[in-house]
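Listed below are the residues making up each chain.
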Amino acid sequence: MIYLDNAATSFPKPSMVAKAMAGTLNKIGGNPGRAGHSLSLCGGRVIQRCRELLAQAFGAPAPEQVIFTSGCTEALNLAIRGMLCQGDEVIVSHAEHNAVMRPLHLLERNGQIRVRVLEPNSLGVITRESVCAAITPRTALCILCHASNVTGVVQPVKELSPVLRASGIPLLVDAAQTAGVLPVSLQELGADMIAMPGHKGLLGPHGTGVLVLGRGMLPRPIVTGGTGSQSESLDQPVQLPDRYESGTPNLPGIAGLLTGARFALAHRDEIQAYEDGLAQRLRAGLNRMRGVRVLGHPGTPKVGVVSFIPAAMDPGELADALADAGYALRAGLHCAPAVHRWLGTLHTGACRASMGIYNTEDDVDGLLDAMEKILSRR
Ligand code: PMP
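Residues numbered from 1 in each chain as written. Predicted model: local features only at pLDDT ≥ 70, side-chain atom pairs only at ≥ 80, totals over all residues. Heavy atoms only, no water.

A.B. asks: What should I look at first to understand the overall build of the protein chain in this one?
C.D. replies: In terms of regular secondary structure, the protein chain is built from 12 helices and 13 strands. Here the protein chain has a C-alpha radius of gyration of 21 Å; the compact-globule value for 378 residues is 21 Å, and the two agree. On the principal axes, the C-alpha backbone points of the protein chain span a range of 70 × 55 × 35 Å. Residues classed as buried in the protein chain amount to 56% of the 378 residues present. Contacts in the protein chain between residues far apart in sequence, at least 24 positions, make up 69% of those at least 6 positions apart. Entry remark: accessible area of the protein chain is about 16,000 Å², with carbon and sulfur atoms responsible for 53%. (Helix = DSSP H or I, 4+ residues; strand = E, 2+ residues; numbered from the N terminus. Rg over C-alpha atoms; globule rule 2.2 N^0.38 Å. Buried < 20%, exposed > 50% of the residue type's maximum accessible area, 1.4 Å probe, protein only. Contact = heavy atoms within 4.5 Å. Areas by Shrake-Rupley, 256 points an atom, 1.4 Å probe, with all protein chains shown as cover.)

A.B. asks: Looking at this model, I keep getting lost on the sheet that holds strand 6 (residues 171-174). Mind explaining?
C.D. replies: Remark on secondary structure: sheet strands pair via backbone hydrogen bonds, oriented parallel or antiparallel. Read from one edge to the other, the open sheet built from seven strands follows the order 2-8-7-6-5-3-4, with strand pairing classed as mixed. The sheet is open, and its two borders are formed by strand 2 (66-69) and strand 4 (113-117), each paired with just one other strand. Taken pair by pair, the neighbouring strands of this sheet meet at an average axis angle of 20°, ignoring direction. Note that strand 6 and strand 7 (residues 193-197) share three bridges and pair parallel. Pairing of aspartate 174 across the sheet is with alanine 195, part of strand 7. Contacts between helix 4 (residues 98-109) and the sheet are confined to strand 3 (88-92), strand 4, strand 5 (139-145) and strand 6, with strand 4 contributing the most and set at about 135° to the helix. (Pairing = 2+ DSSP bridges. Axes fitted to C-alpha atoms, helices over the stretch in contact; angles between N-to-C directions.)

A.B. asks: What exactly am I supposed to notice about the environment of glycine 247 here?
C.D. replies: The topology assignment puts glycine 247 in the loop between strand 8 (209-213) and helix 8 (251-266). Separated by 213 residues in sequence, glycine 247 and arginine 34 place their C-alpha atoms 9.9 Å apart. Apart from residues no more than four positions distant in its own chain, glycine 247 is found in contact with Arg34 and Gly226.

A.B. asks: Before we go on, may I ask you to explain the site of the ligand in this structure?
C.D. replies: Close to the ligand lie 13 residues; Thr73, Asp174, Gln177, His199 and Lys200 are nearest. Residue glutamine 177 places a side-chain N or O atom 2.8 Å away from an oxygen atom belonging to the ligand. Histidine 199 places a polar side-chain atom, nitrogen or oxygen, 2.7 Å from an oxygen atom of the ligand. Contact with the protein chains covers 88% of the free accessible surface of the ligand, which is 400 Å². For the shell around the ligand, the per-class residue count stands at five nonpolar, six polar and two charged. (Near = heavy atom within 4 Å. Polar contact = N/O pair within 3.5 Å; in protein donor to acceptor, adjacent residues only side chain to side chain. Nonpolar A, V, L, I, M, F, W, Y, C, P; charged D, E, K, R; others polar.)

A.B. asks: Is there a simple way to think about the packing of helix 1 (residues 15-27) against helix 8 in this case?
C.D. replies: Remark: helix 1 packs on helix 8, axes separated minimally by 8 Å, with the N-to-C direction vectors making an angle of 150°. Our classification of the angle between helix 1 and helix 8 gives roughly antiparallel. Handedness of the helix 1/helix 8 crossing: right-handed. On helix 8, the residues touching Met16, Val17, Ala20, Met21, Thr24 and Leu25 of helix 1 are Leu251, Pro252, Gly253, Ala255, Gly256, Thr259, Gly260 and Phe263. (Parallel < 35°, antiparallel > 145°, perpendicular 65-115°, else oblique. Left-handed = near helix turned anticlockwise from the far one by under 90°.)

A.B. asks: Please explain the nonpolar core as it appears in this structure.
C.D. replies: One broad trend across soluble globular proteins is that nonpolar side chains are buried collectively. Judged by nonpolar contacts, the single largest core of 47 residues is most densely connected at Leu54, Phe68, Ile194 and Met196. Sequence-distant contacts of phenylalanine 68, defined by excluding residues within four places in its chain, comprise Ile47, Cys50, Arg51, Leu54, Gly209, Val210, Glu245, Ile254 and Leu257. (Core = buried A, V, L, I, M, F, W, Y, C linked by side-chain atoms within 4.5 Å.)

A.B. asks: Sorry, what's going on with the pairing of strand 7 here?
C.D. replies: Side-chain direction in a regular strand flips from residue to residue, so the side chains alternate between the two faces of the sheet. Where burial is concerned, most of strand 7 is hidden: five out of the five residues are buried. Side chains of strand 7 alternate between two faces, with Met193, Ala195 and Pro197 and Ile194 and Met196 buried alike. Judged from the five bridges that link them, strand 7 and strand 8 form a sheet pairing that is antiparallel. Across the sheet, the residue bridging to proline 197 is glycine 209, located in strand 8.

A.B. asks: So what exactly am I meant to see when it comes to the side chain of serine 246 here?
C.D. replies: Along the chain, serine 246 turns up in the loop between strand 8 and helix 8. Separated by 3.0 Å, the side chain of serine 246 and the backbone nitrogen of glycine 225 make a polar contact. A distance of 2.9 Å separates polar atoms of two side chains, one belonging to serine 246 and the other to glutamine 236. Setting aside residues no more than four positions away along its own chain, serine 246 makes contact with Val223, Thr224, Gly225, Gly226, Thr227 and Gln236.

A.B. asks: Looking at this structure, how should I read the pattern of salt bridges?
C.D. replies: Where charged atoms from two side chains of opposite charge approach closely, those side chains can pair. Tallied over the full model, the rule gives eight salt bridges. The partner of glutamate 245 in a salt bridge is arginine 51, with the nearest N and O atoms 2.8 Å apart. Taken together, the residues glutamate 245 in the loop between strand 8 and helix 8 and arginine 51 in helix 2 (residues 38-58) connect sequence positions 194 residues apart. The residues glutamate 245 and arginine 51 share a single accessibility class, namely buried. By sharing partners, the salt bridges in this structure join Arg281, Glu361 and Asp365 into a single network. (Salt bridge = Lys/Arg side-chain N within 4 Å of Asp/Glu carboxyl O.)

A.B. asks: I would appreciate a short explanation of the sheet that holds strand 13 (residues 350-354) in the present structure.
C.D. replies: The strand order across the open sheet built from four strands is 9-10-13-12, with neighbouring strands paired in antiparallel fashion. Looking at strand neighbours, the two that pair on one side only are strand 9 (292-294) and strand 12 (330-332), the edges of this open sheet. Direction aside, neighbouring strands of the sheet carry axes that sit 30° apart on average. Two strands pair when backbone bridges link them, and strand 12 and strand 13 are joined in this way by three bridges, in the antiparallel orientation. From the neighbouring strand, arginine 330 faces strand 13, where its bridge partner is arginine 352.

The values reported here are purely geometric and, on their own, carry no functional implication.
This is the structure:
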């Protein structure tokens with residue numbers, strides 16, 4: 001099977017990732033931060049090394065401001081539910097994932113907050129004007145998806161963030177499709193918080209994610225419990241990262257993330273260029289096919305995510321036929337219905353191919369050939 005679903009999770013991972021994970025399970029299987037014996041201390045050191053690596057890469061003021069979560073969804077939930085208060089307004093882009101929209105909708109339905117969705121320009125890009133127009137005295141948070149997991153279009157976060165900063169509005173960036181691929185840091189983007197999965201561009205395993213907190217960002221915790229610290233108190237510790245990391249940490253996952261992220265971050269520019277080249281090859285091939293619509297305006301910067309809709313076939317049926325031909329893609333709405341509504345594709349969804357470091361030009365050409373064959377049978 002040729003795997004082209006890296007926007008869902010990257011696969012395969014570098015072989016050192018599984019080795020690092022197995023190493024923790026086989027050799028240092030104590031519970032990190034819970035005891036003074038070496039099996040607990042060693043695990044704690046692995047977690048600390050990963051925190052330090054990510055703090056440096058993403059510009060956290062201190063390693064403790066890197067919070068480990070189970071994925072990008074939990075990181076976004078922590079930031080959203082921990083920051084917002086009764087009566088607040090939130091600004092979001094049209095390209096947000098349900099990991100953002102569902103927690104917001106729940107708060108809005110309960111009468112706690114109001115959500116304002118930004119209108120992009122005709123290229124699908126959010127402008128400073130649209131952000132300025134959405135700001136009110138009640139705006140308490142802005143959330144921007146750095147790159148759409150449907151179109152791959154990258155939003156100019158760096159150009160938008162000064163407008164928010166000038167109004168004192170914190171910016172939360174969903175870097176699910178960009179961490180480990182594009183330059184992403186609090187400083188680079190002008191962001192206050194960045195949520196990211198560990199299991200996509202950072203090449204870590206499933207069940208890993210991170211919330212990077214900028215200076216002064218102190219959301220309320222959404223999970224409380226044992227931290228191995230200040231156990232005499234029933235109050236959740238205020239110090240980071242314990243404030244947000246209750247319960248046994250995902251040591252094998254974080255060990256895998258440390259190994260995957262080290263690799264991804266050391267080769268980030270090459271990875272970006274490589275995946276972009278593959279995606280461009282695919283887009284060019286799809287554009288040559290009659291009756292295939294490729295989503296995302298050609299004049300916009302993108303990551304290696306390519307969604308398309310054949311005129312003659314349901315995208316779900318096409319993905320099934322491609323799976324039979326040996327190509328793993330994902331069809332549907334990709335948990336991002338708003339961007340499909342904006343594109344007019346809510347009723348059909350799309351077929352998505354997303355590039356990873358182990359894909360090759362042969363994979364792309366083979367996919368195009370398989371598609372030609374399938375569509376010609378129609
Ligand atoms: N945001 C975006 C833009 C995504 O693509 C995804 C993953 N599909 C998420 C959030 C959620 O990430 P996770 O699966 O790590 O919770």
